[in-house]
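# Descriptive analysis of the structure
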Amino acid sequence: MSSARLFFVGGLLSYRALFGWLSPWILIPTYVVAPIFQILLFVYIGRSAGVQSDEFYVIGNALQYAAIPCVFAMTNTIAGERDQNTLGAVLATPARRIPLFLGRSLPVIVNGFFVASFAFIVGGALVGISVPTSAVPGIAFVILVTAFACTGLGLTTAAVGLLARDTATLSNIVFGILLVFTGANVALSDLPGWMSTIAQGLPLTHGIEAARRLADGASFASVGGLIAAEALVGLLWGLVGYSTIRVLEWQSRIHATLERA
Amino acid sequence: MRNGTGDRPIGPVRLRAHHVRVFAIGLRFHVKALTHSVFFLLTSVFMPLLVATVAYYMYKAGNQPGSLLYVSLGAAVYGIWSSTLFGSGGAIQWQRWQGTLEVLVSAPTPFVLVIAPLTLATSVIGIYSLASTLLWGRLVFGIPFHVVHWVAFLVAVPATILGLGLLGFVFASTFVLYRNANALSNMLEWPVLLVTGMLVPLSLLPGWAGPIAWLLAPTWGVQAIREAAIGGTPWPDAGMTIALGLVYLAIGAVCLRHFELAARRHATLSLT
């Protein structure tokens, strides 16, 4: 019971703390305006370059933008504790670590889902793409799984944030890498082989591909493998992140390095 | 105005020389300080490189290799824009975090001479981004870098830096009042990149984008640099970039004075 409370209430409180750092009047437009213009930018570059359809860029960028709330917020919910000088107190508690850390990821996943969904709907409407109604529930599920996978990566960047002070730079770098490697704007077949190989281990790659196929009329069952791959990638990144956090917590107790980074 | 000892009034000529000196030293100081910031350099160089990379691959995939220099120059100006936007967003906020904002505002030196060099320095730092983007295009994608009008190119680049730096000054001036306004500046990155034609020809954009683009110095700056490099008439565009920069300076100075007074009146300088 206390673990469930820690998972849900602790996660919600941690998420609300983000708004202490950033006013909702600024944070919400950031989630609403920026992804729409990212979509429009790449749609127009695509038209100028004469490559791919508008739908390709709407789906790629809408899903890719889930990385902003998922990676940045996930990193800040944990690494931000150190900036507030509360990390030591959090880690000194006897609370179970899995609900403590993973509880923080749930609101982030929900946030990422809504941001990407909004971008997909509004961005799609603005450039006039048409997606079969039957594909919408499947795409919504893919967006949810993609947000989960991005949050797994966010947990890893949060762990790295315990070693390096500059989490904003780190999150920007991760966002940029996802923009280039995951096929959000350039089809994997147009990227060099080594880049498309790396992309297989990154969140978004399989989710974006699945959403595009669903929008083109593929059945949900036919993209099941891609969705499973996306979930697996997210799970693995989440495990890496969680394990790293535990190792660093253990190390920090031995060497008193928690606040030093 | 009186000199440091309070004895002798300073004449208008010496006062002007004093202001120029404060501006020049401020610019030099901030360029050096920002050059030492790994965070700032990484942010202002890395993202433009990645966006440039995506654009290169997109144009290559579209079998339009002739457009690559056009894109490369646009991405290079985006680097200056990104650096300026990030820097101008942080200009006031960094002073607030360091506890120096109140000291700077209460100093007898006009506040505009303190903030304008900082925002201009952020766009000067964009030169790193410009150079790295052009170099990246040359080394990784084999994009040839030929400049048709070298003199015009060497004028267009500083003109663009000036225009963008002073646009950043307008943003920074409005941020005196708001604690999180620097986050708003992040939101402007993609919209300005889109409407100013850095990566997309303006003719492809919807009609509403045109009038907005004309009011923004990056539009004219990137046109000046492109026309100097690829061939054309860069001088009118460079002139327009500088003219808009001067307009931004006037707007920014008025806004800064107004918001500074409001912040003093409501005692919100460090609290907002």
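Rules behind the numbers
- Residues numbered from 1 in each chain as written.
- Chains lettered and ligands numbered in written order.
- Predicted model: local features only at pLDDT ≥ 70, side-chain atom pairs only at ≥ 80, totals over all residues.
- Helix = DSSP H or I, 4+ residues; strand = E, 2+ residues; numbered from the N terminus.
- Rg over C-alpha atoms; globule rule 2.2 N^0.38 Å.
- Buried ≥ 20, exposed ≤ 12 C-beta atoms within 10 Å, placed from the backbone.
- Contact = placed C-beta atoms within 7 Å.
- Nonpolar A, V, L, I, M, F, W, Y, C, P; charged D, E, K, R; others polar.
- Axes fitted to C-alpha atoms, helices over the stretch in contact; angles between N-to-C directions.
- Parallel < 35°, antiparallel > 145°, perpendicular 65-115°, else oblique.
- Left-handed = near helix turned anticlockwise from the far one by under 90°.
- Core = buried A, V, L, I, M, F, W, Y, C linked by C-beta atoms within 7 Å.
- pLDDT = per-residue confidence, 0-100.

What chain A contains, in helices and strands, is twelve helices and zero strands. Counting from the amino terminus, helix and strand elements in chain A follow one another as α-α-α-α-α-α-α-α-α-α-α-α. Radius of gyration (C-alpha) of chain A: 19 Å, near the 18 Å computed for a compact globule of 261 residues. Taken along its principal axes, the extent of the C-alpha atoms in chain A is 55 × 40 × 35 Å.

This part is about the overall build of chain B. Check the secondary structure of chain B and you find eleven helices and zero strands. Relative to a compact globule of 272 residues, whose C-alpha radius of gyration would be 19 Å, chain B shows 20 Å and is just as compact. Principal-axis analysis of the C-alpha atoms gives chain B an extent of 70 × 40 × 40 Å. Relative to its full complement of 272 residues, chain B shows a buried share of 47%. Taking the contacts inside chain B whose residues are at least 6 apart along the sequence as the reference set, 80% of them involve residues at least 24 apart.

Before going further, it helps to spend a moment on the interface of chain B and chain A. Contacts between the two partners involve 29 residues from chain B, matched on the other side by 30 residues from chain A. Counting residues per element, the ones that place at least two in the side of chain B that touches chain A are helix 2 (38–61), helix 7 (181–187) and helix 8 (189–195) of chain B. When residues of the side of chain B that touches chain A are assigned to their parent elements, the largest contribution, 13 residues, is made by helix 2 of chain B. Along the lines of polarity and charge, the residues of the side of chain B that touches chain A split into 23 nonpolar, six polar and no charged.

All right, on to helix 3 (residues 54–64) of chain A then. A large share of helix 3 of chain A lies buried, amounting to ten of its eleven residues. Buried within helix 3 of chain A we find A:Asp54, A:Phe56, A:Tyr57, A:Val58, A:Ile59, A:Gly60, A:Asn61, A:Ala62, A:Leu63 and A:Gln64.

Moving on to the environment of A:Gly176. In this fold, A:Gly176 is placed in helix 9 (residues 167–181). Here the alpha-carbon distance between A:Gly176 and A:Ala67, two residues 109 residues apart in the chain, equals 9.8 Å. Not counting residues up to four positions away in its chain, the partners in contact with A:Gly176 are B:Phe46, B:Met47 and B:Leu50.

Glancing now at the packing of helix 9 of chain A against helix 2 of chain B. At a minimum axis separation of 9 Å, helix 9 of chain A and helix 2 of chain B run at an interaxial angle of 5 degrees. Classed by the angle they form, the pair helix 9 of chain A and helix 2 of chain B counts as roughly parallel. Together, A:Thr169, A:Asn172, A:Ile173, A:Gly176, A:Leu179 and A:Val180 of helix 9 of chain A and B:Phe39, B:Leu42, B:Thr43, B:Phe46, B:Met47, B:Leu50, B:Thr53 and B:Val54 of helix 2 of chain B make up the contact between the two elements.

Bringing unusual backbone geometry into the picture now. Residue and element names in this part refer to chain A. Although it is not a glycine, Gln52 sits at a positive phi angle of roughly 60 degrees. Inspection of the secondary structure assignment puts Gln52 in the loop between helix 2 (24–49) and helix 3. Of note in the backbone geometry, Leu204 takes a positive phi value of approximately 85 degrees without being a glycine. Considering the arrangement of structural elements, one finds Leu204 in the loop between helix 10 (193–199) and helix 11 (205–215). When the 30 C-beta atoms within 10 Å are taken as the criterion, Leu204 is described as buried.

The next thing to look at is the packing of helix 4 (residues 67–83) of chain A against helix 7 (residues 105–127) of chain A. Residue and element names in this part refer to chain A. One way to put it is that helix 4 packs onto helix 7 with a least axis distance of 8 Å and a crossing angle of 155 degrees. Considered as vectors, helix 4 and helix 7 are oriented roughly antiparallel to each other. Here the hand of the crossing between helix 4 and helix 7 comes out right-handed. For the pair helix 4 and helix 7, the contacting residues are Ile68, Pro69, Cys70, Ala73, Met74 and Thr77 in the first and Ser105, Val108, Asn111, Gly112 and Val115 in the second. Of the residues contributing to the contact of helix 4 with helix 7, the split by class is seven nonpolar, four polar and no charged.

Counting 158 residues, the largest nonpolar core has A:Ala67, A:Val71, A:Ala116, A:Ala147 and B:Ala55 as the members making the most contacts within it. A total of 14 residues in this core trace back to one element, the largest contributor, which is helix 6 (residues 150–174) of chain B. In contact with B:Ala55, other than residues within four places in its own chain, are A:Ile45, B:Val71, B:Ala75 and B:Leu199.

Before going further, it helps to examine the confidence of the model for chain B. Low pLDDT marks stretches whose predicted atomic positions should not be read closely. Averaged over chain B, the pLDDT score is 86; the fraction of residues at 70 or greater is 92%. Averaged pLDDT values for the elements of chain B fall to 71 in helix 7 of chain B and rise to 95 in helix 10 (residues 217–230) of chain B.

Below, the discussion takes up the environment of B:Pro144. Residues and elements named next belong to chain B. You can see Pro144 is positioned in the loop between helix 5 (112–141) and helix 6. A residue is classified by how many C-beta atoms lie within 10 Å of it, and Pro144, with 9 of them, is exposed. Spatially, the C-alpha atom of Pro144 lies 36 Å from that of Leu249, the residues being 105 residues apart in sequence.

All names here are of chain A. Relative to the assigned elements, Thr157 resides in helix 8 (residues 136–161). Under the C-beta neighbour-count criterion, Thr157 is labelled buried, with 25 such atoms within 10 Å. In this structure, Thr157 is in contact with Val71, Thr75, Leu170, Ser171 and Val174, ignoring residues within four places of it in sequence.

Residue and element names in this part refer to chain A. The buried fraction of helix 11 is high, at ten of eleven residues. Inspection of helix 11 places Thr205, His206, Gly207, Ile208, Glu209, Ala210, Ala211, Arg212, Leu214 and Ala215 among the buried residues, and these make up the whole buried set. Packed against the buried residues of helix 11 are helix 3, helix 8, helix 10 and helix 12 (224–255).

This part is about the confidence of the model for chain A. Per-residue confidence for chain A gives a mean pLDDT of 87; residues scoring 70 or more make up 95%. The weakest mean pLDDT in chain A belongs to helix 1 (residues 2–21) of chain A at 76; the strongest belongs to helix 11 of chain A at 96.

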